[in-house]
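Examination of the molecular architecture
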Amino acid sequence: MSGDSELDRYRLVQELAEDGDEIPERFICKDTPYGLITASLPLMDIPVIDLSRLSSSSATTDEELVKLRSALSSWGCFQVINHGIEFCLLDELRENGRQFLKLPMKDKQRYARAANEIEGYGNDMILYENQTLDWTDRIYLLVSPEDGRKLQYWPEDPKSFRVVLEEYTTRVKMIVETLLKSMAKALNLPDNSFLNQYGERPVMYTRYNFYPPCPRPDLVHGVKPHADGSAITVLQQDEEVEGLQFLKDNQWFRVPIRPHALIVNVGDQIEVMSNGIFKSPLHRALTNSAKERISVATFCSPEVGKEIGPVEELINDKNPRLYKTVKDYPEIFFKYYQQGKRPIDAVKLYSS
Ligand SMILES: COC(=O)C(/C=C/C1=C(C)CCCC1(C)C)=C/O[C@H]1C=C(C)C(=O)O1
Ligand SMILES: O=C(O)CCC(=O)C(=O)O
Ligand SMILES: [Fe+2]
């Protein structure tokens, strides 16, 4: 293990991995309140939801809504199949990320994230003193609303990077709309109950997560345990390398790979809107010493400034309101995240 210099802090994990077997101190996880960093864990029996059954009214829709409710109130996540996105588009999205990564460093540095910015190409952001860094490099891009895009950060090489990401964004937007309606139906609420709080100009960020091989996967996190600050996150997994794990009842479970299925998890903002019926699950990604891994996460969040709070119909004598109504959850999320705390705790009315 090597020590740390100020310059070192900004080195990409890809460069560290190519350099050899040294793991800088700032990546080594010293306390693991959520359990050991290990891949020797049970495989998750992850719920599978068929989107085609949710999007058109059919004899099987009600059955699928029951499965959706159960998935989101127990695990807070599921794999979605028959989502309508062509497999070749998914493959191209992931492969474009991979191609970008293989470019010479000087070409990639054109898209480098500026200090204190979210968007661009870079390593884990340093947000607070003594933060243990994740063993990951990223391309982080705002993809919606369209007029908010900073194209200077969107790679032009490979050639199809931008159009593929644009098409994928359109498709994810449609999936999320169907899911938000279905989630309301699954709770016997009017279809638009969640969509009303989501607004016309939802904010979506896509993050390509690259995890180079790590010589000591037992000492570092690819992504440390966290719950997403989004309303919904749609995640494309690596097609052959496992790494994602979800926590349930204090036990970590490995997520199995199902090629071309997407992982959907609820983020903190849906936990708030559903008054805690749907759970924003803790999850983490681990590395391994043999193979690089890539995942593509799209964080879907309500329009900026939109007030979110528990849907009124879900509150009654038996089910008291559990969360505050807030206008600025993303700000709260970042403030708490920077302090290494769980952001959702800031909006809970009672501490658990
Ligand atoms: C798990 O990470 C997140 O959920 C997340 C989400 C961020 C968000 C925005 C960037 C704006 C819109 C709202 C929402 C809260 C969904 C990560 O973002 C950052 C935080 C760190 C740290 C980071 O590396 O990315
Ligand atoms: O890489 C993964 O599988 C998970 C990534 C993740 O949780 C995230 O980007 O928020
Ligand atoms: Fe996540």
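The following paragraphs examine the structure supplied in this document.

Cut-offs applied
- Residues numbered from 1 in each chain as written.
- Chains lettered and ligands numbered in written order.
- Predicted model: local features only at pLDDT ≥ 70, side-chain atom pairs only at ≥ 80, totals over all residues.
- Heavy atoms only, no water.
- Helix = DSSP H or I, 4+ residues; strand = E, 2+ residues; numbered from the N terminus.
- Rg over C-alpha atoms; globule rule 2.2 N^0.38 Å.
- Buried < 20%, exposed > 50% of the residue type's maximum accessible area, 1.4 Å probe, protein only.
- Contact = heavy atoms within 4.5 Å.
- Areas by Shrake-Rupley, 256 points an atom, 1.4 Å probe, with all protein chains shown as cover.
- Lys, Arg positive; Asp, Glu negative; His and termini not counted.
- Charge placed at Lys NZ, Arg CZ, Asp CG, Glu CD.
- Near = heavy atom within 4 Å.
- Polar contact = N/O pair within 3.5 Å; in protein donor to acceptor, adjacent residues only side chain to side chain.
- Core = buried A, V, L, I, M, F, W, Y, C linked by side-chain atoms within 4.5 Å.
- Salt bridge = Lys/Arg side-chain N within 4 Å of Asp/Glu carboxyl O.

Looking only at helices and strands, the protein features 9 helices and 12 strands. A compact globule built from 352 residues should have a C-alpha radius of gyration of about 20 Å, and the protein, at 20 Å, falls within 12% of that. Looking at the protein as a whole, 52% of its 352 residues qualify as buried. Here the analysis covers contacts within the protein between residues at least 6 apart in sequence; of these, 75% occur between residues at least 24 apart. As displayed, the protein has an accessible area near 16100 Å², and 49% of this comes from carbon and sulfur atoms. Taken together, the 43 basic and 53 acidic charged side chains of the protein have centroids lying 2 Å from each other.

What follows covers the site of ligand 2. As a structural note, the neighbourhood of ligand 2 is formed by 14 residues, with R207, Y211, H283, R293 and S295 the closest of them. One of the side-chain N or O atoms of Y211 is found 2.6 Å from an oxygen atom in ligand 2. At 3.1 Å from an oxygen atom of ligand 2 is found a side-chain nitrogen or oxygen belonging to H226. Against a free-state accessible area of 290 Å², the protein chains account for coverage of 99% of ligand 2. When residues of the shell around ligand 2 are traced back to their parent elements, those giving at least two are strand 5 (203-211), strand 11 (283-285) and strand 12 (293-301).

Turning next to the nonpolar core. Counting 68 residues, the largest nonpolar core has F78, L179, L180, M183, F194, I232 and I270 as its most contacted members. Per element, the largest residue contribution to this core is 12 residues, and it comes from helix 6 (residues 161-186). Discounting residues that sit within four places of it in the chain, L180 has contacts with D191, F194, L195, Y198, I232 and I270. Residues L244, F253, I263 and A297 belong to the second largest nonpolar core, which totals 13 residues.

Now for the pattern of salt bridges. Using the criterion set out here, one finds 32 salt bridges in the structure. With its nearest N and O atoms 3.7 Å apart, the salt bridge here joins E25 to K30. In this structure, K181 engages E177 in a salt bridge whose closest nitrogen and oxygen atoms are separated by 4.0 Å. Here K181 and its partner E177 are both found in helix 6, 4 residues apart, which amounts to about one turn of the helix. Accessibility expressed as a relative area gives 30% for K181, which makes it partly exposed. Through salt bridges with shared partners, a single network forms among D91, R94, E95, R98, D238, E239 and E292.

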